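Chain residues, written in single-letter form:
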Amino acid sequence: MKKSFRKITALSLSLLMSAVYPVTSAYAAESQHEIYLSAEGTEKTDTGEVFYLERSMLGDDGYTLKINIFYRDDVLNTWYISPKVKCADQNIKLRNLVDPKDPLIEFAYAETNDAGELSYGSNSTLASGSEIYNTVNFTCMNSNLMNRTAMKPYGEYTNSYPLTSFDAIISKEIPAGEYDIYFLTEAEDEPDQRVTEISLMIDGGPEPCTDTALTNMKIVVSSLGDIDDNGIVDSNDASAILKEYSLLSTKKSPSFDTPKNYAADVNKDGTINSSDASLILKYYSYKSTSGYMDFVSYLSYLDSLDSAE
Ligand SMILES: [Ca+2]
Ligand SMILES: [Ca+2]
């Protein structure tokens, strides 16, 4: 039998899978102004980026995903940007926001003066956030006491540079599931808290931007082969896969959510069927004869045997 499972790392598994299962999230209509989140290793979908975290990627300290905040301003008339980002689940802590004023050149609105030297200009930034409410926020604006003017992006195009970045620190204990990291548009925790705002310079005066596209990010956590997420890959997981396969093959409504779909497609061929269950049963039998490898390592091992043939 030629197995399709190649030497796949957990990360490439995540990339592979993300191409197979579409995800949905709120997505604003096309706009001249868009604020969005981006990170390395995500799947880019038209509803926002998705990061697939396979549990084997979690170390003792969990997993830290560096997320950039980007702003696209097609008409270059923004004078004030004030995003606030939140994750409602404390298993993913938003921390270490970089003050956009700090490292300058990497960020969108660090300016150069006429001599080509880096300058703060009149951009002012204030970074903060709340550990209790698990938010990060900052303000970037171009104004002084007398006037406000549109911000001039550093570099070729606003979209080429992030406004800033922060860390999403994912706990080792996080349950399988889908987690949103999103721009706060309504106060959730305190009645008068500031939320994401954009303001434009129109006809020489400031106007709130009412059609900014806000594009959030999703983190999908699952554990390959462990459908019920109890930390053990065994015959119960194989049974769950066979049950789902039976639903799918009789054209009934599937019962798995995105994390379960990810976990169930063990051989990563884009479908959930008995081949996936067989690999789990094979592993179960290996474990019951005092096998020591975890499931992901075992699959790689099977694959290496196959390649050597
Ligand atoms: Ca299990
Ligand atoms: Ca499969």
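Here the structure is a predicted model, which means the values were calculated and not measured.

> What is the right way to look at the overall build of the protein chain in this model?
Looking only at helices and strands, the protein chain features 5 helices and 17 strands. A buried classification covers 36% of the 309 residues belonging to the protein chain. Sequence separation of at least 24 residues holds for 73% of the intrachain contacts in the protein chain that already meet a minimum separation of 6.

> What is the right way to read the environment of alanine 213 from this model?
Checked against the element boundaries, alanine 213 lands in strand 16 (residues 213-215). The exposure class assigned to alanine 213 is partly exposed, which follows from the 15 C-beta atoms found within 10 Å. Taking the C-alpha atoms as reference points, alanine 213 and isoleucine 35, 178 residues apart in sequence, are found 6.3 Å from one another.

> Please explain the packing of helix 2 (residues 235-249) against helix 4 (residues 274-288) as it appears in this structure.
Packed helices, taken two at a time, are described by their axes: the angle between them and the distance between them. Between helix 2 and helix 4, the least distance of the axes is 9 Å, while the angle of their chain directions is 170 degrees. Between helix 2 and helix 4, the angle falls in the class roughly antiparallel. Contacts from Ser235, Asp237, Ala238, Ile241, Leu242 and Tyr245 of helix 2 reach helix 4 at Ser274, Asp276, Ala277, Ile280, Leu281 and Tyr284. Of the residues contributing to the contact of helix 2 with helix 4, the split by class is 8 nonpolar, 2 polar and 2 charged.

> Can you help me understand the pairing of strand 1 (residues 33-38) in this one?
Along any regular strand the residues' side chains alternate between the sheet's two faces. Within strand 1, 5 of the 6 residues are buried, which leaves it mostly tucked inside the rest of the structure. With 6 bridges joining them, strand 1 and strand 4 (residues 63-73) adopt antiparallel strand pairing. Note that in strand 4 the partner of tyrosine 36 across the bridge is phenylalanine 70. In terms of strand pairing, strand 1 meets strand 16 through 3 bridges, oriented parallel.

> I'm lost on the sheet that holds strand 12 (residues 162-170) in this one. Help?
Pairing between the strands of a sheet is mediated by backbone hydrogen bonds and can be parallel or antiparallel. Pairing is mixed in the open sheet, where 5 strands are placed in the order 7-12-4-1-16. Sheet topology places strand 7 (92-95) and strand 16 at the edges, where each strand pairs with a single neighbour. Going across the sheet, the axis of each strand differs from the next one's by a mean of 20 degrees, ignoring polarity. Two elements, strand 7 and strand 12, share 4 bridges in a ladder whose sense is antiparallel. Residue lysine 93 lies in a different strand from strand 12, and its bridge partner there is isoleucine 169.

The rules behind the values
Residues numbered from 1 in each chain as written. Chains lettered and ligands numbered in written order. Predicted model: local features only at pLDDT ≥ 70, side-chain atom pairs only at ≥ 80, totals over all residues. Helix = DSSP H or I, 4+ residues; strand = E, 2+ residues; numbered from the N terminus. Buried ≥ 20, exposed ≤ 12 C-beta atoms within 10 Å, placed from the backbone. Contact = placed C-beta atoms within 7 Å. Axes fitted to C-alpha atoms, helices over the stretch in contact; angles between N-to-C directions. Parallel < 35°, antiparallel > 145°, perpendicular 65-115°, else oblique. Nonpolar A, V, L, I, M, F, W, Y, C, P; charged D, E, K, R; others polar. Pairing = 2+ DSSP bridges.

Just distances and angles here, no functional claims.
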